[in-house]
Amino acid sequence: MSEHTTNSAWGGRFQESTDAFVAAFTASVDFDQQMAQEDIDGSLAHAAMLVKQGILSEEEGAQIRSGLEQVRSEIAAGTFAWSVALEDVHMNIEQRLTALIGITGKKLHTGRSRNDQVATDLRLFLRSQIDEISAELVRLQQGLLDVAEREATTIMPGFTHLQVAQPITFGHHLLAWFEMLKRDFERLQDCRKRLNQSPLGAAALAGTTYPIDREYSAQLLGFDGVCQNSLDAVSDRDFTIEFCAAASITMMHLSRFCEELILWNSSAFAFVDIPDRFCTGSSIMPQKKNPDVPELVRGKTGRVYGHLFSLLTLMKGQPLAYNKDNQEDKEPVFDTITTLRHCLRAFADMVPMLETNAENMLRAAAQGFSTATDLADYLVGKGVAFRDAHEVVGKSVRLAIDRGCDLADLPLADLQALCELIEEDVYESLLLEGSVAARNHIGGTAPEQVRAQVKKQRSQLAS
Ligand code: ARG
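Remember, it's a predicted structure, so these values are computed and weren't measured experimentally.

A. Structural detail: the site of the ligand. All residues in the neighbourhood of the ligand are listed as Ser28, Asp32, Asp88, His90, Arg114, Asn115, Val118, Tyr322, Gln327 and Lys330. With respect to the ligand, the side chain of Gln327 contributes an N or O atom lying 2.8 Å from a nitrogen atom. Taken by itself the ligand offers 340 Å² of open surface, and the protein chains cover 85% of this. When residues of the shell around the ligand are assigned to their parent elements, the largest contribution, 3 residues, is made by helix α6 (residues 114–150). When the residues that make up the shell around the ligand are grouped by side-chain class, the tally is 2 nonpolar, 4 polar and 4 charged.

Written out as structure tokens, the structure is:
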């Protein structure tokens, strides 16, 4: 004989109590207790609405309010006794409320179901987490702007196919990351906007017979409006999917950034130095300093993608309306929140502390004839057709390779032998500083543009 537990929330219909293993298997309290504050907020708003509508008396409302505040402080103090037998956060809190205030506690659930309750809690929870995540994201963006400003004139190689392509400024490179994060921020805000509708009042699935005021409880909870269909309100979890999709894209961006940091920090590149506090050593190779933070963030990207797929798969076969399957939505969402927040925090702390090795960056940029395009542009400026210019530059590069020197080291006479239109001023274009300064338009790599972007983005961030 297996052990059985009784659950008073539905005991009436049952002839035998729940199998102990099944009770533990179906319980969610171990993880959904994270939403306890939101559950209490939702209950307070629901009770206030019931009072306003005359469904509960003022006296009952006051009792519920003080009881719930007592529960809130017990949870905050860590003295609340969570019980798996009570299945989830909702029933744990309601049971304790009833223990504290008696029969009135049992009236709180009038005109409500755990189905609209859990959907409300999750929306409230995710909303406040999005706000916290957004704050970390902005902190990282601010750090990027500061470093971009500091490095506005630092020259580094710009790559295509991971081969030196054209010289760029490091500030400009960092601003590329800023742009990606800006879109990530917008995606989160967009998700927040769409999830901020109240499911309360949808009850189990069809609504309720009580004369409720959904707009009122929604307003008390800071929702922008109410879900317009009760079946949809209790059953869809698209807002969690949207959040995990937005989080996945942000993680993808961070992961690419990680990859660059790992390369740049390697001794082969030696462009940046990640401060010791963000690294660990090797237990066997004393010379090692490993870029653990970027490696771990890159690794954690996989689990966030996984959560997105868990949720998509969780929803794909569900008929309307609520199904117990939906209980499985929380852990992927919670883990995505924690992972994303921690990764952003680590980055926001680390980025402003990156040390740059400008000399190595410059040396690398000078390799690979990175100003070849500038020579072509110079010739076009002298009236040569681009295709012909391309030919002349190809020959100049060939000559430089044969001599083992850079384009800027070729004597004028040799360049003129390839094209008589070339004059002394060609060396301005062949030098890295001239090359980056010449790309002076919105979105270009010139130091002047980097500074202008930093200024513009900083003022937009502040507003
Ligand atoms: N723990 C449940 C969940 O997370 C709460 C809703 C339960 N509703 C129900 N009809 N069994 O989805």
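This is not the end of the story, as more comes after the structure.
B. Main features of a nonpolar patch on the surface. Together, Phe21, Val22 and Phe25 line one region of the surface with nonpolar side chains, adding up to about 350 Å² of accessible area. Positionally, Phe25 belongs in helix α1 (residues 20–26). Residue Phe25 is classed as exposed on the basis of its relative accessible area of 61%.

C. Expanded view of the side chain of Arg439. Locating Arg439 in the fold gives a position in the loop between α18 (432–438) and α19 (447–462). For Arg439, a relative accessible area of 16% corresponds to the buried category. For Arg439, the side chain forms a polar contact with the main-chain oxygen of Ser435, separated by 3.0 Å. Not counting chain neighbours up to four residues away, the residues in contact with Arg439 comprise Gln166, Thr373, Asp374, Asp377, Gly444, Thr445, Ala446 and Gln449.

D. Spotlight on the nonpolar core. Counting 67 residues, the largest nonpolar core has Leu140, Leu144, Phe243 and Phe347 as the members making the most contacts within it. Not counting residues within four places of it along the chain, the set of residues in contact with Leu144 comprises Leu174, Trp177, Phe178, Leu181, Phe257 and Val351. Of all hydrophobic cores here, the second largest spans 22 residues; its members include Tyr378, Ala389, Val397 and Ala400.

E. Focus on the environment of Phe170. Position of Phe170 relative to the elements: it lies in helix α7 (residues 170–195). The exposure class assigned to Phe170 is buried, which follows from its relative accessible area of 1%. On a C-alpha basis, the gap between Phe170 and Val450 in space is 9.4 Å, while along the polypeptide they are 280 residues apart. Ignoring any residue separated from it by four or fewer positions in sequence, one finds Phe170 in contact with Glu151, Thr154, Met156, Trp264, Val272, Thr356 and Met361.

F. Summary view of the packing of helix α10 (residues 238–265) against helix α11 (residues 292–316). The contact between α10 and α11 brings their axes to 8 Å, and the two run at 160°. In terms of orientation, α10 lies roughly antiparallel with respect to α11. For the pair α10 and α11, the crossing hand works out as left-handed.

G. Looking closely at the side chain of Ser198. The residue Ser198 is located in strand β5 (residues 197–198) in this model. For Ser198, the residues in contact, after removing those within four places along its chain, are Arg214, Ala218, Phe223, Gly225, Val226 and Cys227.

What counts as what
Residue indices follow the written sequence of each chain, beginning from 1 at its first position. Totals for whole chains, interfaces and linings use every residue, but because this is a predicted model, local features are given only for residues with pLDDT of at least 70 and side-chain atom pairs only at 80 or more, for both listing and counting. In computing side-chain values, all of the structure's heavy atoms are included and hydrogens and water are not. We call a residue near a molecule or strand as soon as one heavy atom of that residue lies within 4 Å of the molecule or strand. Polar contacts, as used here, are pairs of N or O atoms within 3.5 Å; protein pairs need one atom able to donate a hydrogen and one able to accept it. Residues neighboring in sequence count only if both atoms are side-chain atoms. We get accessible surface area from the Shrake-Rupley algorithm with a probe of 1.4 Å; when it comes to residues, only the shown protein chains can shield them. Each helix is a run of H or I in the DSSP string that is no shorter than four residues. Each strand is a run of E no shorter than two, and both are numbered from the N terminus. For this scheme, ten residues count as nonpolar: Ala, Val, Leu, Ile, Met, Phe, Trp, Tyr, Cys and Pro. Four count as charged, namely Asp, Glu, Lys and Arg, and the remainder, Gly too, count as polar. Only residues whose relative accessible area exceeds 30% and that form no salt bridge enter a patch; like-charged residues are grouped when within 9 Å of one another, and nonpolar side chains (Val, Leu, Ile, Met, Phe, Trp, Tyr) when within 5 Å. A pair is scored as a salt bridge if a Lys or Arg side-chain nitrogen falls within 4 Å of a carboxyl oxygen belonging to Asp or Glu. For each residue, the accessible area found with a 1.4 Å probe, counting protein chains only, is set against the maximum for its type, and the residue is called buried under 20%, exposed over 50%, and partly exposed in between. In what follows, residue pairs with any heavy atoms lying within 4.5 Å of each other are defined as contacts. Throughout this description, the term nonpolar core refers to a set of buried Ala, Val, Leu, Ile, Met, Phe, Trp, Tyr and Cys residues connected via side-chain atoms within 4.5 Å. Geometry is summarised by axes, namely lines fitted to C-alpha atoms with helices restricted to the contacting stretch, and by angles between N-to-C directions that run from 0 to 180 degrees. When an angle is under 35 degrees it counts as roughly parallel; over 145 it counts as roughly antiparallel; between 65 and 115 it counts as roughly perpendicular; any other value is oblique. When the near helix sits turned anticlockwise from the far one by under a right angle, the crossing is termed left-handed; a clockwise turn instead gives a right-handed crossing.

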